[in-house]
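Commentary on secondary and tertiary structure
Letter by letter, the chains look like this.
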Amino acid sequence: MSASYPRENLEKRRQQSIKNATLLFLAFSTAFFSRLVATAGAPSEVNFVHLAVVPAASLYVVMSSRSQNFKRLRAAQGLLLCLLLFFFMVVASALFSQAGLINIALSYLLWMEAYIFLCALVYISLSSERLEKMKAWTIKISIFHIGLALLQKVLLDAGVMKATKMNIVPDNVQGVFYLSGGGHVIAASVSIAFAIYCISLPKLSLPLKAGIAIASIVQLVSADAKQVLLVALVSWVLLILTKVTDLKKVLIYGVIAALSLAVLLWCMENLDSFRGFNTWVRPEIYGPEGEARLLKLSSIRIIRSYHEDVFSWLFGLGPGHTVGRLGGWMIIKYKSLLMPLGATDHPASQEIWRAIDASWLGGKSSMFSPLFGWAGLWGDLGVAGLLAYLSMLGVIWTTICADDTSKFLLITIPVNGLIFAQMQEPGYMLYTVLLIGLKFQDRTLASAQRTRRKPLRPKAYPMAEVS
C-alpha cells in the first residue's frame, strides 16, 4: 500500500493537470470565438461571457495547482503582485472620480484579463504530452482562423457574400473575428503572431512554416491591414535595440529587417495588391499642423483640459471615463445594459468623438485614431495606472520571456497601444499571451528534463594518508 501511494498521488496530479489545461483552453475559446458565435445569430451579449469565464477559470486553476518549480512560482508571484497593484490603482482612480462599481470591474478586466489568464498558464505543471496537445490545439484553431479569412476573401471576390445584403468591404476579411469593428486588424495581428510562433518551432517542417507565413501575409494584404505590418516592423527594430550587447544577433536581425523593408517597398511600387500601402504616404499630414498629428493627439489635449488638480494627473479621470475600450465604445453601445448597473461616463469621451467626426481623417483609418490604448490608460487611470501597467510588462519581460520570439510578441502589445485599442481587445491579447505562455512552458519543461537527466557526480573523499 505504501509503495502505491506515491503513484496514486502522481496520477491525481496528472489528471488535475489535464483538467486545468483543458479548462484554460475552453475559457480562452469563449473570447476567441465569441465574435463568430455572435455573427451566427447569438445575442451580442455573448461577447461579455469571457469576462466572467476567463478570470474564474484562471482563479480555479491557480487555486487547484501546486507547482514546485521555481521558475513557475516566480513568474506567477510576480504577475499576482502586479495584478493586485493595478487593481488598487483602478479603485483609487474610481474613488477620486466617483466612477461606478461596474466601471471598476469592467475596466480592470478589460486591461488585466489576458494577464490573469497568463498567470494561470505559466503556473500549471504540464507534462510534455499535455503541452504538445495544447500546442496542437493552438495550431489547429490558428490554421482554421487563417483558412476562414482566406475563404471570406474568395467569397467576397466572387460576389457570393454580397448576396447576404451585408455591408461587405475588404475589412470584412476577419477570420474568426468576423463582422466586428476593426476585426480585419485583429485577425491579421493574430495570424502574423501565429506565423512568427510557428517559425520558432523546431518540430514543424520548413514547407509548413513557409505555407503558414505566406498565407498570413496574403490574409494581411487581402484585409488591407497595413498597420499590422508597421507594428511588426517597429517591434522588430525595438527587439534589435534590446540586443546591443550581442553584435551577432544585431547584424542578423538588422539584415532581416533591411531585406523585409526592401521587399515591402518593391511590392508597393510594383504589385497592385500592395498599392494600398501607399495610401498614407503623405508627408504633409504628419507635420506640426498636419491633420493626422492633430487628430491623433486630440484625445491628449482634451483629457488634459479636464485635469483639475494633482489627483487628476496621478489617477486620471476615472475608469471608463475617457478613450479606453469601456469609455470609448462599450458604455455607448451597451448603454441600456450598463447604465442600470451604475455605469458612469464623462464629457471627455463625447468631446473626443466630436473631434473625430469633425476631422476629414476621422474614421478613415485607425492609424490616426485618438482612441488608442496608451491614451485610454493614461486618461482613465493617470500616471499611476501607466506605471502599474508598465510594471506588468516588466515582470513578463524578465520572468517569462526568455527567448526572442516571446519578446517580439510582447513588444507588439505596447506598439499596438500607440495605434488603436488592441491592448484591450480580448481576442488579440489572450492569443498573444497564450503563445508567450506556451513558449515559457516549453522552456521550463525542457530545463526540468535536462536537470533530471544530468548525472550525479560522485562525492570526493580525502585520500587516507599512507604512513
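Conventions and cut-offs
Residues numbered from 1 in each chain as written. Predicted model: local features only at pLDDT ≥ 70, side-chain atom pairs only at ≥ 80, totals over all residues. Heavy atoms only, no water. 1 Å grid on protein atoms, 1.4 Å probe; cavity = no way out; pocket = protein on both sides within 12 Å on 5 of 7 lines; lining within 4 Å. Points joined across faces, edges and corners; volume = space filled by probe spheres on them. Nonpolar A, V, L, I, M, F, W, Y, C, P; charged D, E, K, R; others polar. Phe/Tyr/Trp six-rings, centres within 6.5 Å; stacked < 30°, edge-to-face > 60°. Helix = DSSP H or I, 4+ residues; strand = E, 2+ residues; numbered from the N terminus. Buried < 20%, exposed > 50% of the residue type's maximum accessible area, 1.4 Å probe, protein only. Polar contact = N/O pair within 3.5 Å; in protein donor to acceptor, adjacent residues only side chain to side chain. Contact = heavy atoms within 4.5 Å. Expected span 1.5 Å × (residues − 1). Bend = angle between axes of the 7 residues up to and from the residue. Salt bridge = Lys/Arg side-chain N within 4 Å of Asp/Glu carboxyl O.

Counted according to the given criterion, the structure contains 2 cavities of 30 Å³ or more. S189, I192, A193, V228, V231, A232, F408, T412, N416, Y428 and T432 together form the lining of the largest cavity. Along the lines of polarity and charge, the residues of the lining of the largest cavity split into 7 nonpolar, 4 polar and no charged. Its boundaries defined by the atoms lining it, the second largest cavity holds a volume of some 60 Å³. If you trace the second largest cavity, you find it lined by H50, L110, W111, M112, E113, A114, M423, Q424, E425, P426, M429 and L430.

Aromatic ring pairs are described here by two measures, namely the spacing of the ring centres and the angle between the planes. Taken as a whole, this structure holds 23 aromatic pairs when the rule is applied. With centroids separated by 4.6 Å and ring planes inclined at 15 degrees, the aromatic side chains of F96 and F311 adopt a geometry described as stacked. On the criterion of sequence distance, the pair formed by F96 in helix α4 (residues 70-97) and F311 in helix α13 (residues 310-315) is long-range, its members being 215 residues apart. Taken together, the ring pairs in this structure connect F25, F28, F32, F33, F117, W137, F177 and Y431 into an aromatic cluster.

Looking at where H346 falls in the secondary structure, it is placed in the loop between α15 (335-338) and α16 (347-358). In this structure H346 comes out as buried when scored by relative accessible area, which is 16%. A distance of 3.0 Å separates a polar atom in the side chain of H346 from the backbone nitrogen of A348. Leave out the neighbours within four places in its chain, and H346 touches Y306, L317 and H321.

Because each turn of an α-helix spans 3.6 residues, side chains separated by three or four positions end up pointing in the same direction. Spanning 27 residues, helix α17 (residues 373-399) covers only 24 Å between terminal C-alpha atoms, well under the ideal 39 Å at 1.5 Å per step. Along α17, the sharpest kink reaches roughly 125 degrees, centred on L381. For α17, the tally of buried residues reaches 20 of 27 residues, placing the bulk of the element in the interior.

The next thing to look at is the pattern of salt bridges. One side chain can pair with another of opposite charge once the charged atoms of both are near each other. Going through the model one piece at a time under the given rule, you end up with 10 salt bridges. Residue K203 is joined to E132 by a salt bridge in which the shortest nitrogen-to-oxygen separation is 3.7 Å. Taken together, the residues K203 in the loop between α7 (183-199) and α8 (206-222) and E132 in helix α6 (residues 128-158) connect sequence positions 71 residues apart. In this structure, K249 and D404 form a salt bridge, with 3.0 Å as the shortest nitrogen-oxygen distance. Here K249, found in helix α10 (residues 247-270), pairs with D404, found in helix α18 (residues 404-416); they are 155 residues apart in sequence, far enough to count as distant. The class for K249 is partly exposed, based on a relative accessible area of 30%. Each of E132, K135, K203 and D442 takes part in a single network of salt bridges with overlapping partners.

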